[in-house]
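# Tertiary structure, described
One-letter residues, chain by chain:
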Amino acid sequence: MTMAFAIDEINNNSNLLPNVTLGYSLYDNCATLVIGFNAALSLASGREEQLLLEETCLGTPPVLGIVGDSISTSSIASSDVIGLFKLPIVSYFATCSCLSDRGRFPSFFRTIPSDAFQVRAMIQILKHFGWTWAGLLVSDDDYGLHVARSFQSDLAQSGGGCLAYSEILPWGDNPAELKRIVEVMKTSTARVVIVFAHRIHMIQLMEEVVRQNVTGLQWMASEAWTASPVLQTPRLMPYLGGTLGIAIRRGEIPGLRDFLLRIRPDLHGNNDFGHSMVRQFWEYTFQCKFAPPPAGWMEAGEEPCTGDEDLESVETEFLDVSNLRPEYNIYKAVYALAYALDDMLRCEPGRGPFSRHSCATLQTLEPWQLVYYLEKVNFTTPFGDQVSFDENGDALPIYDIMNWLWLPDGRTKVQSVGVVKKLASKGEGLTLDEDKIFWNFESKQPPQSVCSESCPPGTRMARKKGQPVCCFDCVPCSEGKFSNERDSMECTSCPEDFWSSAQRDHCVPKKTEFLSYHEPLGICLTAASLLGTFICAVVLVIFIYHRSTPMVRANNSELSFLLLVSLKLCFLCSLLFIGRPRLWTCQLRHAAFGISFVLSVSCILVKTVVVLAVFKASKPGGGASLKWFGPLQQRGTVLVLTSIQGAICTAWLVSSSPAPHKNTQYHNDKIVYECVVGSTVGFVVLLGYIGLLAILSFLLAFLARNLPDNFNEAKLITFSMLIFCAVWVAFVPAYINTPGKYADAVEVFAILASSFGLLVALFGPKCYIILVRPERNTKKAIMGRGTPKT
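### Re the overall build of the chain
Secondary structure assignment for the chain yields 22 helices and 24 strands. The proportion of buried residues among the 790 residues of the chain is 47%. Here the contacts in the chain between residues at least 6 apart in sequence split such that 66% fall between residues at least 24 apart.

### Looking at the state of the cysteines
In the structure shown here, the tally under the stated rule is 9 disulfides. Two residues, C96 and C98, share a disulfide whose sulfurs are 2.4 Å apart. Linking C96 and C98, the disulfide has an S-S dihedral of approximately 130 degrees and is accordingly described as right-handed. Here C98 falls in the buried class, since its relative accessible area comes to 12%. Shown here is the disulfide that connects C586 with C675, its sulfur atoms set 1.8 Å apart. Because the torsion about its S-S bond is -75 degrees, the bridge between C586 and C675 counts as left-handed. Highlighted residues: C586 in helix 16 (residues 583-617) and C675 in strand 24 (residues 670-676), separated in sequence by 89 residues.

### Quick look at the nonpolar core
Formed by 69 residues in total, the largest nonpolar core has its most connected members in F543, F593, F597, F724, W728, L759 and F763. Elements represented by at least two residues in this core include exactly helix 13 (520-545), helix 14 (550-553), helix 15 (557-573), helix 16, helix 18 (631-655), helix 19 (680-703), helix 20 (713-736) and helix 21 (741-771). Looking at this core element by element, the count peaks at 14 residues for helix 21. Ignoring anything within four residues of it in the chain, the contact list for W728 reads F593, F597, L687, A750, I751 and S754. Ranked by size, the runner-up nonpolar core spans 53 residues in total, among them L16, Y92, F286 and F354.

### A short note on unusual backbone geometry
Going from G68 to D69, the amide bond is cis rather than trans, its omega being -10 degrees. Here D69 is to be found in the loop between strand 1 (66-67) and helix 3 (72-82). Unlike most non-glycine residues, N213 shows phi in positive territory, near 55 degrees. Among the secondary structure elements, N213 is positioned in the loop between helix 7 (199-212) and strand 7 (218-221). Backbone geometry places K444, a non-glycine residue, at a positive phi of 60 degrees. Among the structural elements, K444 can be located in the loop between strand 15 (428-432) and strand 16 (459-463). Given a relative accessible area of 49%, K444 falls into the partly exposed group.

The rules behind these values
Within each chain, residues carry numbers counting from 1 in the order of the written sequence. Given that this is a predicted model, residues contribute local features only at a pLDDT of at least 70 and side-chain atom pairs are listed and counted only at 80 or more, while totals for whole chains, interfaces and linings are drawn from all residues. Excluded from the side-chain calculations are hydrogens and water; all other atoms, namely the structure's heavy atoms, are used. The way it works is that DSSP assigns letters per residue, a run of H or I at least four long becomes a helix, a run of E at least two long becomes a strand, and they are numbered from the N terminus. Each residue is placed in one exposure class: buried if its accessible area under a 1.4 Å probe, protein chains only, is under 20% of its type's maximum, exposed if it is over 50%, and partly exposed if it falls in between. Between two residues, a contact is recorded if the distance between any of their heavy atoms is within 4.5 Å. Sulfur atoms of two cysteines make up a disulfide when they are within 2.5 Å. Within this scheme, the nonpolar core is defined by two criteria: the residues are buried Ala, Val, Leu, Ile, Met, Phe, Trp, Tyr or Cys, and they are joined through side-chain atoms within 4.5 Å.

Pasting the structure below:
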């Protein structure tokens with residue numbers, strides 16, 4: 001009746017197809033492929049018969065286009081044949097994406113979006129609510145099977161989730177298969193069930209669902225059964241309440257209700273389909289029968305139909321035009337054909353689109369010519385929707401999102417809660433009013449439907465072997481890596497100077513480690529260094545104050561002063577090893593250390609040589625030995641020996657200078673600041689030179705240890721060199737095997753230990769005599785000719 005209304009409206013429109021009257025024939029395919037196919041062939045038959053354009057319109061009117069079929073399978077069968085003749089077919093309900101194949105169906109158009117868009121719209125809803133684990137049920141026909149294929153491929157490409165199961169609903173009565181499918185649904189962890197099937201399949205399925213009492217599922221309906229009243233019953237709503245569905249775009253058709261109210265059965269008309277259809281509707285609505293019936297045909301209590309009954313006096317869905325969906329698509333399909341025909345008839349001769357700029361006429365019209373204009377049709381309905389077709393014959397896709405509301409009084413209502421449509425950017429735009437959605441769960445919130453819970457930051461997804469990508473374990477990120485998003489596929493390595501936090505969800509600066517002035521070890525070493533420096537200063541003051549005494553003057557007091565100064569430098573150079581390494585401290589620390597110790601050992605070596613020279617001079621004929629090793633030669637020897645170390649340090653610094661280095665090898669979560677020696681050879685030569693002078697001093701002092709003086713300094717030198725060599729022999733393996741800041745601490749300890757050893761061994765006994773036993777601070781006592789020991 002909507003088609004009849006649209007044609008009637010067009011025929012009464014002076015601006016559209018003026019002087020042309022459209023007619024139509026109606027066929028009922030009874031949801032049967034063979035009947036629908038035969039109807040299409042019947043409509044197309046006789047299309048080449050000549051039309052006599054006279055006032056009486058004699059002859060068989062040509063079929064310029066077909067509106068239908070409603071079922072995809074029937075549309076495929078009809079279009080396969082009728083498409084060979086390029087006769088345009090405009091379907092209002094066939095959604096199979098296969099019908100978008102222009103090579104196979106060159107004259108097929110539709111005012112309903114294809115399943116390809118419906119599938120993408122359904123995936124958008126899944127992604128919106130975070131449902132990554134769903135089941136899919138489809139009908140066993142072209143509609144369902146094509147959906148199953150495209151749904152799985154589109155879902156995988158979008159990364160929106162996975163199918164827990166995909167089942168085909170059988171045609172006809174097959175309780176065993178339905179029982180198996182419901183068992184799969186019941187045992188699956190997926191809480192969302194998507195159904196692309198016809199109403200009859202849902203009726204059969206829900207019978208088994210009710211029998212097994214499968215509740216707690218979130219149903220998602222395709223447009224085929226979203227608005228089906230037969231499923232919206234109090235018996236099924238405990239199971240189907242809260243269903244979300246894709247529905248054909250609702251439209252408004254002004255004047256349709258008035259047109260329907262004018263319907264009257266033609267009591268004297270021919271027994272064609274239109275007449276029969278109206279009579280059946282009339283008898284069903286008013287519970288009457290048309291007379292005269294055959295004898296005994298009218299049952300007792302039935303009233304005869306008069307044809308004058310008032311339609312407004314009865315409640316019938318036939319007059320409800322508030323929810324026009326398939327009807328609105330039919331309205332648009334009829335108008336699309338009318339606008340295409342109108343554009344064709346307005347063609348100006350000589351400016352047409354066909355060969356030699358010709359135009360098509362009603363007398364010579366070929367179906368493919370109308371297809372040409374139908375491809376370019378573009379108009380706006382009174383409801384405000386634009387109607388046009390893309391290169392595949394599909395209309396601009398738009399769907400309403402519906403929700404099955406279960407009211408407290410037991411009534412049901414299907415309400416619109418959103419829209420999904422194609423955007424200019426070729427994506428799908430989803431708009432949902434979540435506050436309006438009814439959820440059929442105790443929480444009144446959307447359910448959770450995932451195979452595995454979302455992985456929190458600090459973890460990564462690890463797929464479970466042999467299972468879909470949506471099933472995974474959450475593996476914590478390893479040390480030094482992080483993930484700051486949910487469901488990360490990989491953990492990211494932290495930058496070089498950063499380390500992962502305890503939660504592995506962000507990077508934090510690595511802890512820095514070096515021998516610091518603020519830690520106990522650094523404080524102790526600094527205190528020892530300053531103490532040694534202070535003691536050196538005190539001893540120096542004592543020696544200066546008592547510089548005229550035999551104890552100070554003996555064995556060259558000038559070398560003693562220089563030795564105290566060099567020991568003071570040795571104590572102070574240890575401070576260069578404490579604190580954060582910098583370029584100048586790295587370059588200076590070993591040079592200062594090397595030169596200071598060479599200066600000290602050189603003084604000791606010269607002192608030892610002087611002791612030997614004095615002893616030799618005391619023998620008859622040995623006075624010349626001191627002549628060749630006087631104070632000037634002593635200072636020169638110290639200077640030369642120290643200069644050699646200075647040359648070694650200079651060559652080291654120039655060739656391969658020590659430099660600060662951030663070491664991450666010792667600890668992954670720490671940065672150890674240290675000084676790399678640059679040239680190991682330079683460092684070995686520096687230490688080797690100090691060791692050579694120390695060993696030489698030790699050997700010479702050892703040879704002079706038994707000289708006959710009462711206060712023989714050679715003994716003190718021997719002991720001090722023994723301590724010095726022992727400390728540095730122990731230092732080498734300890735330094736090599738100690739990492740990080742503790743290597744610096746070992747070196748500082750060696751410097752301080754050897755410095756204290758020299759200071760105490762060489763100057764301790766002398767200070768004792770100077771301060772505590774001044775009676776022994778005489779020349780005679782020193783020479784062994786004083787008061788006899790008691």
